[in-house]
Amino acid sequence: MFLSLSLQGVFPASYIQLKKAIVTNRGPHETVVPLEDPIITEVTATLQEWALLWKQLYVKHKVDLFYKVRHVMLELLDLRRQMLSGHLTQEQSQDVKRHITVRLDWGN
């Protein structure tokens, strides 16, 4: 059996989702800009940043703040999932974006 190079990879296909993006400067110094809603990109970056801070709270035994941050992170993950689902009306989408903004402001 022969496998195409496009079918090989590190992650199983069920874990991969291709996103539309603009690629400039193709080659070793290319830049990829996703075409998703900027708030989704912001939530993703913020959650990655908070994950490091969350770990520090655990290590420093700041239990109360650890659980508060955990709750907000889980809430942001759920709101991000809702935005990515594509099943929201325009009004629902605006409400979710407002809620995301409030949560990001709380954390920052």
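Residues numbered from 1 in each chain as written. Predicted model: local features only at pLDDT ≥ 70, side-chain atom pairs only at ≥ 80, totals over all residues. Heavy atoms only, no water.

- By the naming in an unreviewed UniProt entry, the protein is Dedicator of cytokinesis N-terminal domain-containing protein, taken from Pogonophryne albipinna.

## What to know about the pairing of strand β1 (residues 21-24)
Alright, step 1. Sheet topology note: the β1/strand β2 (residues 31-34) ladder contains four bridges and is antiparallel. Note on β2: the bridge partner recorded for Val-23 is Val-32. (Pairing = 2+ DSSP bridges. Helix = DSSP H or I, 4+ residues; strand = E, 2+ residues; numbered from the N terminus.)

## Here we look at the UniProt feature "domain: Dedicator of cytokinesis N-terminal" (unreviewed entry) in the protein
Alright, step 1. Per the UniProt record, "domain: Dedicator of cytokinesis N-terminal" (unreviewed entry) is found at residues 25-108.
Alright, step 2. A helix fraction of 75% and a strand fraction of 5% characterise residues 25-108, whose end C-alpha atoms lie 34 Å from each other. (UniProt positions renumbered as here; feature names shortened; annotations may be inferred.)

## A look at helix α1 (residues 38-59)
Alright, step 1. When the terminal C-alpha atoms of α1 are compared, their 32 Å separation across 22 residues agrees well with the 32 Å that a helix rising 1.5 Å per residue should span.
Alright, step 2. For α1, every residue scored as buried is listed here: Ile-39, Ile-40, Val-43, Thr-46, Leu-47, Trp-50 and Leu-57.
Alright, step 3. Packed against the buried residues of α1 are α2 (63-85) and α3 (90-107).
Alright, step 4. Between a side-chain oxygen at the N-terminus of α1 and the backbone nitrogen of Ile-39 the separation is 3.1 Å; the capping residue is Asp-37. (Expected span 1.5 Å × (residues − 1). Buried < 20%, exposed > 50% of the residue type's maximum accessible area, 1.4 Å probe, protein only. Contact = heavy atoms within 4.5 Å. Polar contact = N/O pair within 3.5 Å; in protein donor to acceptor, adjacent residues only side chain to side chain.)

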